[in-house]
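# An overview of the molecular structure
Read off the chains here:
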Amino acid sequence: MSANYALEARDLSVRYGGVTANDGVSMHLAQGEIRGLIGPNGAGKSTFIDALSGRRAIAAGSVHLAGSDITALGVVERRLLGLSRSFQRTSIFPGMRIGVQMELAASKIPDADPDEVMRELGLDRLAGRVADEISYGDQRRLDIALALVGRPSVLLLDEPMAGLSVEESMKLARHLRNLARNWGVSVLLVEHDMEVVFGISDSITVLETGKLLAEGTPDEVRAHPKVREAYLGSAA
Ligand SMILES: Nc1ncnc2c1ncn2[C@@H]1O[C@H](COP(=O)(O)OP(=O)(O)OP(=O)(O)O)[C@@H](O)[C@H]1O
Ligand SMILES: [Mg+2]
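Computed from a predicted model, the values in this text were never measured in an experiment.

Once that is clear, we can look at the nonpolar core. One recurring pattern in soluble globular proteins: nonpolar side chains tend to sit buried together. In this structure, Met 102, Leu 142, Leu 148, Leu 155 and Leu 176 are the most contacted members of the largest nonpolar core, which totals 36 residues. Looking at this core, the elements that each hand over two or more residues are α3 (98-106), α4 (114-120), α5 (136-148), β7 (154-158), α6 (166-183), β8 (186-190) and α7 (194-200). Apart from residues no more than four positions distant in its own chain, Leu 142 is found in contact with Ile 92, Ile 98, Gln 101, Met 102, Leu 123 and Ala 131. Of all hydrophobic cores here, the second largest spans 23 residues; its members include Val 14, Ala 51, Leu 188 and Val 190.

Three or more residues of α3 are buried, namely Ile 98, Gly 99, Gln 101, Met 102, Ala 105 and Ala 106. Buried residues of α3, seen end-on, are gathered within an arc of 160° and therefore sit on one face of the element. The inward-facing, buried residues of α3 contact α4 and α5.

Spanning 13 residues, α5 covers 18 Å between terminal C-alpha atoms, matching the ideal 18 Å at 1.5 Å per step. Burial analysis of α5 places 12 of its 13 residues in the buried class, the great majority of the element. Among all positions of α5, only Gly 137, Asp 138, Gln 139, Arg 140, Arg 141, Leu 142, Asp 143, Ile 144, Ala 145, Leu 146, Ala 147 and Leu 148 are buried. Considering only its buried residues, α5 is in contact with α2 (75-81), β6 (83-85), α3, α4, β7 and α6. Immediately downstream of α5, the backbone of Gly 150 shows phi near 90°, a positive value.

Taken together, the side chains of Glu 103, Asp 113, Asp 115 and Asp 124 make up a negatively charged region of the molecular surface. Note that Asp 113 resides in the loop between α3 and α4.

Applying the stated rule across the entire model yields 0 aromatic pairs. Here Arg 151 stacks its cationic end above the ring of Trp 183, 4.1 Å away from the centre of that ring.

Taken together, the neighbourhood of ligand 1 is formed by 13 residues, with Asn 41, Gly 42, Lys 45, Ser 46 and Thr 47 sitting nearest. Gly 42 places a main-chain nitrogen or oxygen 2.8 Å from an oxygen atom of ligand 1. Separating an oxygen atom of ligand 1 from a side-chain N or O atom of Thr 47 is a distance of 2.5 Å. In the complex, 60% of the free accessible area of ligand 1, which totals 630 Å², lies under the protein chains. Among the elements that take part in the shell around ligand 1, helix α1 (residues 45-53) stands out by supplying 3 residues, more than any other.

A cluster of basic side chains, namely Arg 125, Arg 129, Lys 171 and Arg 174, defines a positive patch on the protein surface. In this structure, Arg 125 sits in the loop between α4 and α5. Arg 125 gets classed as exposed once you look at its relative accessible area, which sits at 58%.

Counting buried residues in β7 gives 5 out of 5 residues, a clear majority hidden from the surface. With burial as the criterion, each face of β7 is covered, one bearing Val 154, Leu 156 and Asp 158 and the other bearing Leu 155 and Leu 157. Relative to β7, β6 is paired through 3 bridges, and the arrangement is parallel. Each residue of the ladder has a partner; that of Leu 83, found in β7, is Val 154. Pairing of β7 with β8, which is carried by 5 bridges, proceeds in the parallel orientation.

The rules behind the values
- Residues numbered from 1 in each chain as written.
- Chains lettered and ligands numbered in written order.
- Predicted model: local features only at pLDDT ≥ 70, side-chain atom pairs only at ≥ 80, totals over all residues.
- Heavy atoms only, no water.
- Core = buried A, V, L, I, M, F, W, Y, C linked by side-chain atoms within 4.5 Å.
- Buried < 20%, exposed > 50% of the residue type's maximum accessible area, 1.4 Å probe, protein only.
- Helix = DSSP H or I, 4+ residues; strand = E, 2+ residues; numbered from the N terminus.
- Contact = heavy atoms within 4.5 Å.
- Arc of directions from axis to C-beta.
- Expected span 1.5 Å × (residues − 1).
- Patch = residues over 30% accessible without salt bridge, like charges linked within 9 Å, V, L, I, M, F, W, Y side chains within 5 Å.
- Areas by Shrake-Rupley, 256 points an atom, 1.4 Å probe, with all protein chains shown as cover.
- Salt bridge = Lys/Arg side-chain N within 4 Å of Asp/Glu carboxyl O.
- Lys, Arg positive; Asp, Glu negative; His and termini not counted.
- Charge placed at Lys NZ, Arg CZ, Asp CG, Glu CD.
- Phe/Tyr/Trp six-rings, centres within 6.5 Å; stacked < 30°, edge-to-face > 60°.
- Lys NZ or Arg CZ within 6 Å of the ring centre and 35° of its normal.
- Near = heavy atom within 4 Å.
- Polar contact = N/O pair within 3.5 Å; in protein donor to acceptor, adjacent residues only side chain to side chain.
- Pairing = 2+ DSSP bridges.

Here's what the structure looks like:
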């Protein structure tokens, strides 16, 4: 058993009508680990994040946070227990000042310190600006900052680097590494850019058509015959 995992999914299955989007997927995240979640379009990555965060009902399996079974809990309860995720821009209010948005997020979580989160992500100097006037890269960081209010133990990120320049992606990757190291946050990162995901991750999980195809260190996954086959060499 695994009370020392920050997050664990056991045999998780999710169905959309007749489509089995996740088929008995197991995964674990250690404290401070960054795990990349990769796979072709439609492999079930977003579904997996939705199921872990409590946004999507599961057909079978269980989810455990620091050893506690949280399968029956909803999104808000999971968030208060330290399982957080970012939403692509939807959590940002365009016309609202960044500092005010952070305070609003913090007002929903006991003992949250929004200033500390803004400092950690380098957003403190932007506190007085409104969200639709900052760069897209800064908006992506604001999205993650909102998810980090209350210092969750686990952060689920679904393509947080989509639309960023290489430079902005590298900057965000450095922030994620620092968060894992300084705050012990465990990160599950869905990312299509193989260079980024193999570069930043401690471990990698590969999904294909809803099933676990491979998992291990970046080197192990890169060398995995099934992964090489699925990606026709492009990931390797
Ligand atoms: N709301 C939904 N209703 C019905 N089917 C869905 C729904 N969302 C996803 N699916 C299907 O479930 C499967 C997994 O989709 P999912 O979005 O989880 O994949 P993904 O790995 O995130 O893909 P991508 O890389 O394109 O984001 C796909 O076959 C998809 O068509
Ligand atoms: Mg997706």
